[in-house]
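Each chain, letter by letter, is given below.
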Amino acid sequence: MLQNLYEGYSYVPSDAAIKYKNSIINYGRLNEHLIECSKMFSCMNCATTVLIMMDKGVEIVIATISVFLSKNVFCILDKNITEITFNEIIEETKSSVIFTDLKNSKRIEKIAEQYKINIVVVDFNCETEELSISQKNIYDIRRESNINIDNSHIIYTSGSTSKPKGIICSRSSMWSFIKWEYNYLQLDSKVNVSQMSAPWFEPYLRDVFLALFSGGCICIPTKREEFDPKAFYKFVEKMQIDVLHIVPTLFRYLFFNEKLGEHNIKHILLAGEMLYGADVRKYYEKYDFGNLYNLYGPTETTMAKFCYKISTKDQTDFRIKVGKPLPDTEFWLLNENGKLAENKQIGEVIISTKQGTYGYLDKSMTKNVFGWLDDGTTIFKTGDIGYVDNEDNLELVGRKDYMQKIYGQKVYPEEIEGVINICANVKKSMVFIDNNNKIIALIESNDYFDIDELVYTLTKNLIAYKHPHFIYVVENIPVNKSGKIDRNRFKSCSDINYKLKFII
């Protein structure tokens with residue numbers, strides 16, 4: 001089955017394909033596991049959407065690849081979603097099969113019985129390195145599906161709203177990005193890629209398929225290796241990681257921690273949040289190895305659609321630009337009146353790409369932000385605000401959703417966060433604007449925090465109406481499952497009782 005992934009490349013059966021803890025699965029063994037998993041689809045007369053709900057590890061990687069190679073559509077769900085949301089997704093995706101592991105099978109069995117869903121339990125034994133696959137509740141159910149041959153997966157993202165949105169993603173677009181990344185980074189074969197991303201977010205697919213495309217190895221960290229800097233350093237050293245995809249919040253936490261020593265990661269690709277010059281400066285003050293890249297692209301356009309290679313000169317910039325579009329992608333900016341923004345003016349980013357998605361499962365939501373040309377080109381209104389610099393690079397300012405007007409002037413929380421993050425002892429910050437138009441700043445800092453430096457930095461870099469009205473220093477700012485700052489946690493001052501240290 002694995003050979004279907006390659007065009008001009010090939011894998012070596014004895015080479016390591018997946019490493020997890022002390023277990024190593026080579027390509028020959030992986031191929032056997034994939035064939036075994038694919039047998040679960042042999043009774044189906046047409047393609048179907050397969051839900052995948054399990055813990056991070058070997059099982060979820062094998063399940064993902066097997067569904068993809070079986071020409072079915074996978075939809076990976078956070079195992080902690082509510083039962084109500086789970087039921088809604090089953091109805092919307094018309095799924096008749098769900099892959100899970102032993103740990104989560106009991107919970108899923110109850111829901112599967114209600115909806116007549118076939119359960120496939122995948123279990124990998126780390127000690128014996130054996131994989132067992134079993135099927136439960138065999139129902140002959142064929143739900144109507146709108147799957148076409150180019151559909152690869154469905155990603156559920158809430159974006160800036162609380163309602164999950166299912167995005168129908170393209171097989172050819174996903175694979176186009178993987179080939180682009182491989183060539184752009186000028187990778188050799190047998191690349192070791194760290195699987196740091198949460199499986200229910202699209203960057204997870206960069207981790208998995210970039211490694212497979214190169215005939216390399218998917219290196220899966222344990223939960224401790226993901227979030228403990230000292231354990232992460234040992235993991236990177238042991239696995240000899242070449243490529244790391246990571247969100248800026250987690251990047252700051254791991255790489256700016258005194259427990260992390262020198263590393264040999266060749267390529268560090270950041271995406272998903274705003275990246276600042278202060279981040280680049282702090283990195284280069286500590287390390288002289290590793291190429292940094294800033295990627296940008298909403299899930300609605302598949303993977304990433306912009307890339308900027310960072311250099312030492314960028315450490316003096318306020319924000320790090322997201323660069324120029326990938327091949328087969330164009331963009332333009334629209335002002336508040338829906339007209340093309342003039343030279344250097346700020347506007348909403350509209351992406352036009354031949355390697356996009358098929359919109360949302362909910363077609364009523366699709367028509368508001370998507371459009372398609374006769375040649376299949378996808379047009380998407382991102383909701384991101386940005387402008388073009390003198391070198392034709394796109395630089396983002398913030399989210400249209402988060403922007404509010406104070407005294408008639410636009411205020412973007414991300415801009416204020418970037419200024420706060422310049423301060424030496426700030427680990428991370430989050431800014432929001434409450435219902436009374438008060439700017440609230442949360443700061444996660446070391447024990448020593450210099451308020452005078454913060455006031456000076458804010459005064460120097462921000463006009464007065466953008467200064468925070470309240471500043472709360474907390475023990476830590478919570479992040480969501482993808483490692484990004486959890487902006488939905490705080491809406492007003494009354495919400496801020498999260499390990500509060502002091503108020504300024």
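Computed from a predicted model, the values in this text were never measured in an experiment.

S.K.: Please clarify how the nonpolar core should be interpreted in this entry.
M.R.: Soluble globular proteins tend to bury their nonpolar side chains together. Among the nonpolar cores identified, the biggest contains 65 residues, and Ile18, Phe99 and Phe209 are the most heavily contacted of them. A per-element tally of this core places helix H2 (residues 58-69) first, with nine residues. Setting aside residues up to four positions removed in sequence, Phe99 forms contacts with Cys37, Phe41, Val50, Leu51, Ile52, Met53, Met54, Ala63, Ser66, Val120 and Val122.

S.K.: In this structure, what is going on with the pairing of strand S24 (residues 426-433)? I would like to understand it.
M.R.: Remark: a regular strand shows side chains that alternate across the two faces of the sheet. Within S24, seven of the eight residues are buried, which leaves the element mostly enclosed by the surrounding structure. Note that S24 and strand S25 (residues 439-445) share seven bridges and pair antiparallel. Bridging across to S25, Val426 finds its partner in Ser445. Here S24 folds back onto S25, and the loop between the two strands holds five residues, one of which, Asn437, carries a positive phi near 60°.

S.K.: What's the story with the packing of aromatic side chains in this structure? I'm lost.
M.R.: For any two aromatic rings, the description comes down to two numbers: the centre-to-centre distance and the angle of the planes. Following the criterion strictly, the structure yields 22 aromatic pairs and no others. For the ring pair Phe232 and Phe255, a centre distance of 5.8 Å and an interplane angle of 70° mean the geometry is edge-to-face. Taken together, the residues span a long stretch of sequence, with Phe232 in helix H8 (residues 229-239) and Phe255 in helix H9 (residues 248-255) at a distance of 23 residues. Each member of the pair, Phe232 as well as Phe255, carries the same accessibility label: buried. Each member of the aromatic cluster is reached from another via a ring pair, and the members are Phe232, Phe251, Phe255, Phe256, Tyr283, Tyr284 and Tyr287.

S.K.: Explanation requested: the packing of helix H1 (residues 27-38) against H2 in the structure shown.
M.R.: For any two helices packed against each other, one specifies the crossing angle of their axes together with the interaxial distance. Where H1 contacts H2, the axes come no closer than 9 Å and their chain directions differ by 65°. As H1 packs across H2, the resulting crossing turns out to be right-handed. Together, Leu30, His33, Leu34 and Cys37 of H1 and Ile62, Ile65, Ser66 and Leu69 of H2 make up the contact between the two elements. Grouping the constituent residues of the contact of H1 with H2 by class yields six nonpolar, two polar and no charged.

S.K.: Would you take a moment to explain unusual backbone geometry for this structure?
M.R.: Only a minority of non-glycine residues have a phi that is not negative, and only a minority of peptide bonds are not trans. Here the phi dihedral of Lys71 falls at roughly 65°; this positive angle occurs in a residue that is not glycine. With respect to the secondary-structure elements, Lys71 resides in the loop between H2 and strand S4 (73-76). In this structure Lys71 comes out as partly exposed when scored by relative accessible area, which is 48%. A positive phi angle, close to 55°, is found at Gln240, a residue other than glycine.

Reading the values: the criteria
- Residues numbered from 1 in each chain as written.
- Predicted model: local features only at pLDDT ≥ 70, side-chain atom pairs only at ≥ 80, totals over all residues.
- Heavy atoms only, no water.
- Core = buried A, V, L, I, M, F, W, Y, C linked by side-chain atoms within 4.5 Å.
- Buried < 20%, exposed > 50% of the residue type's maximum accessible area, 1.4 Å probe, protein only.
- Helix = DSSP H or I, 4+ residues; strand = E, 2+ residues; numbered from the N terminus.
- Contact = heavy atoms within 4.5 Å.
- Pairing = 2+ DSSP bridges.
- Phe/Tyr/Trp six-rings, centres within 6.5 Å; stacked < 30°, edge-to-face > 60°.
- Axes fitted to C-alpha atoms, helices over the stretch in contact; angles between N-to-C directions.
- Left-handed = near helix turned anticlockwise from the far one by under 90°.
- Nonpolar A, V, L, I, M, F, W, Y, C, P; charged D, E, K, R; others polar.

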